[in-house]
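Chain by chain, the residues:
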Amino acid sequence: MEAHSEHHIVPKRVYFLVFFALIALTWVTAIVSTVDLGRWNIFVALAIAIVKASLVILFFMHVKYSTRLTKFIVMCGFFWLMLLLFITMADLWTRSWMGVPGR
Amino acid sequence: MDSPVAVVPEIENPSALQHHFETPEQQKDSATIGMWAFLLTEIMFFGGLFLAYFAYRQAYPLAFASASNKTNLWIGATNTTVLICSSLTMALGVHFAALGKRKLLALFLVLTLLLGGVFLGVKAYEYHDKWVHHEVPGVHFDCEGCVDAQHAPLFFSLYFGMTGLHAAHMVIGVFVLLVLIWQAWHGKFTADWYTPIENFGLYWHFVDIVWIFLFPLLYLIDRSGRGLS
Amino acid sequence: MITAPPVVQTKRNYINAESGLMSWLLTKDHKRIAILYLYAVTFFFIVGGIFAALIRLELATPAGDLMDSNTYNKVFTMHGVIMVFFFLIPSIPAILGNFLVPLMIGAKDLAFPRINLLSWYIYMLAGVFGVIVLVTGGVDTGWTFYTPFSSSYSNGYVVMTAMAAFIMGFSSILTGLNFIVTVHRMRAPGLTWFRLPLFVWAHYATAAVMILGTPVIAVTLFLLMLERGLHIGFFDPAYGGDPVLFQHLFWFYSHPAVYIMILPSMGVISEVVSTFCSKKPFGYTFIAFSSVAIAVFGFLVWGHHLFVSSQSAYAGMVFSVLSFIVAIPSAIKIFNWTATMYKASVRLETPMLYAIGFMGLFTIGGLTGLFLASMGLDVHLTDTYFVIAHFHYVMVGGAIMGYMAGLHFWWPKITGRMYNEVWSKIAAVLVFAGFNLTFFPQFILGYMGMPRRYHAYPPEFQVLNVLSSAGASILGLGYLIPGIYFVASLKYGKLAGANPWGATGLEWQTSSPPPPENFEITPVVTTEAYEYGAQEVLHVG
């Protein structure tokens, strides 16, 4: 069991770098949304959000410096969220495929 | 099974070590994993709302796009900035807790609290604004200029549901912060033991992450004005 | 085999270490919390059973003559809500799991004892809401709360009931959280994952389902309460809301929930079969992994409850295939338990009777699940008594038989007393016979087309319904008798030694009942799990 995580002090410099990246990405996403990218707008917005969330998780929440178990738990969380979202949406997306109303 | 041998010697209990744990490391690690397991439940809790959002946005894209334009993009972006600042101050609070710096810890917790308060205040303003413009479903709903107005209430239900749930989490966080500030000021946390600060930090950052997704999904649908087809 | 001499009753144990009501209500001892749960859960089992009796009384005659249809709707709803949320989900984990997991891993308590106590208070709070619903007139939506009936049209106490289930969910989440952290971080020295008892593996898998699934039902009920209370439209078709979305959200939890009910039960069966065959479970590793597989795959199949909704046929096909696949790990367990019994010297004590009953009844229940997983068949069988028979076979013939096996197996450990073995065997037989008489006819009724949730039915179904109601009375008697001899055992039962069954496992190496701190000295594990043969029992001091 890796016990080193709690002794690892993240330097303040790292926090500030992450902070500036988050602020920058926030304003990027706001400005990009005013540009017409067609159906890609949502993908770009979500991609930026995922990058921001990853920065918060890895650095602010120390997951980069955590035990394997912590990392595994975090992965499980997002994996299960994806299960909920994608499998249900798969129903909604395929409803019209059979050409029969409501099927 | 062989007769067990007592291999764990009688250790003098450090003051914060609970009786059912063998070592402080075990206790701290357990608390951290427990907090993450709890955050997992929060991911799935918000997840249901995200599912409803994606389901209805896919079904009624025009309604969602025009309803989303009723939110104020720059207020939303500013509020997002405020929340990210509060995440920074929280992370710094944890940092100073780990270094045993009582006063700096308390300072950054107070800053986090203030920034959280600003966020909630802005949210309250936004809610009031929606109320005044009849954009609250179930209460004289009348969305002016909404395309596909019949389905607009779905967007607003999700807006209030998702940001409301998020705000409720922030309010809880604010109350916990008040307690932690009081405790921190009175020297309860040391470089050897500051687990509640760290675990609260995880909670606060999680709430920030939820907002990181809420902002684009609720405020930034079709801001280019072209109208989704 | 050496067993410790009977423990003198005045020896300090977790029951007599402290006295007074507050020492129980403010306890942090996982064993006492398990007892608190035992009282609460048993109360709700009785209430749920009374509703079952009312259902079977009504259905003994074709006409709806005992109660009107609205009342009947409330009766079956309350039966479902109470049995699912207040009995089946907590029963084994909160009682046997709480009591035994720390003992089995050689720990002094769970990772978070105060959160454990909190989970019981949350359960009781949910129970208060449940009782309020009961006495104020109930809810008539079915335990599945389908919208838009529940959100827009029902005249019952939907919000209150949803609140009860919502609060209950948090009790479940906290229990699961505790188990996960405990199994990861509190195992005794030398106790590696593959030396863990299968009961612990089962509870670990269950705990994962609890924390990943329960929040979804919580948010679903939250949305339902918002819609009903504030008229914010999430599921209202007038605004374009999709009632099928509710069903997706509801079943995303409620299907894995049935694995929360069965996995702990399967854990019990592994322990009981192994003990009463004095044999290591055949294919230990497969049984361990199958628990995890059931937990994971259980999250991928919920759409089989939506076959006849407007769910897309393509999604339905995928869910159908996955539902067939999820049966495989369960089947592996049945094969392995059977193989454990092969050429073993089987002792037919009461727990083993329940375990053998489980194996047969769960097999029938599981196989009939495959009928329902086939979309074509499901179109005819859905919402008929076939479904009811199926899930009662797995939940009662499976989960509850496992619960009874576990209670009878660990009763000596928990109370320090043995119960009357003659009556316990009689009761086990009555339960088995009564259960089959109650529910087997329902397969036929469903196949013949009798719909569920109706208080009246065509006269040609009467004979089978009467058989079913007769069976229910025998089943009820079979559950009543243990209530009597268990209580009697507390005063008159033979004192139990540390290991009356000759089982392996750390919980049998400490006294019956255990001391508050579980072990006098922290055990160190140097052997594999389930090593029968000459055992030296640790000196309990």
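Counting restarts for each chain: residues are numbered from 1 in the order of the written sequence. Going through the entries in the order they are written, you letter the chains from A and number the ligands from 1. Confidence filtering applies because this is a predicted model: local features only for residues at pLDDT of at least 70, side-chain atom pairs given and counted only at 80 or more, and all residues used for totals across whole chains, interfaces and linings. The basis for the side-chain values is all heavy atoms of the structure; hydrogens and waters are excluded.

## Overview of the overall build of chain B
Thinking step 1. If you tally the helices and strands in chain B, you get 6 helices and 0 strands.
Thinking step 2. N-terminal to C-terminal, the α/β element order of chain B is α-α-α-α-α-α.
Thinking step 3. With the principal axes as the frame, chain B shows a C-alpha extent of 75 × 50 × 30 Å.
Thinking step 4. Burial here depends on accessible area, computed with a 1.4 Å probe over protein chains only, as a share of the maximum for the residue type. Under 20% is buried, over 50% is exposed, and the range in between is partly exposed. Scored against the burial criterion, the 229 residues of chain B give a buried share of 60%.
Thinking step 5. Two residues form a contact once any of their heavy atoms are found within 4.5 Å. Counting only contacts in chain B whose residues sit at least 6 apart along the sequence, the fraction spanning at least 24 positions is 79%.
Thinking step 6. By element, 64% of the accessible surface of chain B is carried by carbon and sulfur atoms, the whole surface being about 8700 Å².
Thinking step 7. When the 11 basic and 17 acidic side-chain charges of chain B are each reduced to a single mean position, those positions are 11 Å apart. The helix count covers DSSP runs of H or I at least four residues long, the strand count covers runs of E at least two residues long, and both are numbered beginning at the N terminus. Each accessible area value is a Shrake-Rupley result obtained with a 1.4 Å probe; residue values ignore everything except the protein chains displayed when judging cover. By the counting scheme adopted, Arg and Lys are positive, Glu and Asp are negative, and His together with the chain ends is not counted. By convention, the point assigned to a charge is CZ for Arg, NZ for Lys, CD for Glu and CG for Asp.

## Quick look at the overall build of chain A
Thinking step 1. Within chain A one finds 3 helices and 0 strands.
Thinking step 2. The order of helices and strands in chain A, counted from the N terminus, is α-α-α.
Thinking step 3. Here the C-alpha radius of gyration of chain A, 19 Å, is well above what a compact globule of 103 residues would show, namely 13 Å.
Thinking step 4. If one aligns the C-alpha atoms of chain A with their principal axes, the spans along those axes are about 60 × 40 × 10 Å.
Thinking step 5. Out of the 103 residues belonging to chain A, those deemed buried represent 47%.
Thinking step 6. Look at the contacts in chain A between residues 6 or more apart in sequence, and 57% of them connect residues 24 or more apart.
Thinking step 7. Within the structure as shown, chain A displays about 5500 Å² of accessible surface, and the carbon and sulfur contribution to it stands at 76%.
Thinking step 8. Charged side chains of chain A number 9 positive and 4 negative; the gap between the two group centres comes to 4 Å. We take the radius of gyration over the C-alpha atoms and set the globule estimate at 2.2 Å times the residue count to the 0.38 power.

## Here we look at the interface of chain B and chain A
Thinking step 1. In this complex, chain B contributes 51 residues to the contact, which on the side of chain A involves 49 residues.
Thinking step 2. The term buried area denotes the loss of accessible surface (1.4 Å probe radius) that occurs when two parts are joined, taken as the sum for both partners. Broken down residue by residue, the surface that chain B buries against chain A is led by Trp 36, Leu 51 and Leu 88 of chain B, which jointly contribute 13%.
Thinking step 3. By salt bridge we mean one thing: a side-chain nitrogen of Lys or Arg within 4 Å of a carboxyl oxygen of Asp or Glu. Counting the contacts that link chain B with chain A gives 0 salt bridges.
Thinking step 4. Any N or O atom pair separated by 3.5 Å or less is treated as a polar contact, with the protein-specific requirement of one donor-capable and one acceptor-capable atom, and with residues adjacent in sequence counted only for side-chain atom pairs. At the surface where chain B touches chain A, the tally comes to 2 residue pairs in polar contact (both at pLDDT 80 or more).
Thinking step 5. The set of elements that each furnish at least two residues to the side of chain B that touches chain A consists of α1 (24-59), α3 (73-98) and α6 (195-219) of chain B.
Thinking step 6. Among the elements that take part in the side of chain B that touches chain A, α1 of chain B stands out by supplying 18 residues, more than any other.
Thinking step 7. Following the grouping adopted for this structure description, the nonpolar residues are Ala, Val, Leu, Ile, Met, Phe, Trp, Tyr, Cys and Pro, the charged ones are Asp, Glu, Lys and Arg, and the polar ones are all others, Gly among them. Residue composition of the side of chain B that touches chain A, by class: 33 nonpolar, 10 polar and 8 charged.

## Focus: the interface of chain B and chain C
Thinking step 1. Contacts between the two partners involve 40 residues from chain B, matched on the other side by 46 residues from chain C.
Thinking step 2. For the pair chain B and chain C, the summed buried surface comes to about 3900 Å²; carbon and sulfur atoms form 69% of the total.
Thinking step 3. Taken together, the connections running from chain B to chain C amount to 2 salt bridges.
Thinking step 4. The closest approach of N and O atoms between Asp 29 of chain B and Arg 185 of chain C, which form a salt bridge, is 2.4 Å.
Thinking step 5. The tally of links between chain B and chain C comes to 9 residue pairs in polar contact (both at pLDDT 80 or more).
Thinking step 6. The biggest single contributor to the side of chain B that touches chain C is α1 of chain B, with 18 residues.

## Describing the state of the cysteines
All names here are of chain B.
Thinking step 1. What counts as a disulfide here is a pair of cysteine sulfur atoms lying within 2.5 Å. Scanning the entire structure with this criterion turns up 1 disulfide over all chains.
Thinking step 2. Bridging Cys 143 to Cys 146, the disulfide has an S-S length of 1.6 Å. Residues Cys 143 and Cys 146 are joined by a disulfide whose S-S torsion is about 45°; by sign, that bridge is right-handed. By the burial criterion, Cys 143 is buried, and Cys 146 matches it.

## Observations concerning the domain arrangement of chain A
Residues and elements named next belong to chain A.
Thinking step 1. Per the annotation, domain bounds derive from an automatic or database assignment of domains. Under the domain assignment, chain A is made up of domain 1 (1-66) and domain 2 (67-103).
Thinking step 2. Domain 1 puts 7 residues into the contact, and the matching count from domain 2 is 6 residues.
Thinking step 3. When domain 1 packs against domain 2, the two sides together hide about 530 Å² of surface, and 64% of this comes from carbon and sulfur.
Thinking step 4. Linking domain 1 with domain 2 are 0 salt bridges, by the criterion used here.
Thinking step 5. In this assembly, domain 1 and domain 2 are joined by 2 residue pairs in polar contact (both at pLDDT 80 or more).
Thinking step 6. Tallied by class, residues from the side of domain 1 that touches domain 2 come to 3 nonpolar, 2 polar and 2 charged.

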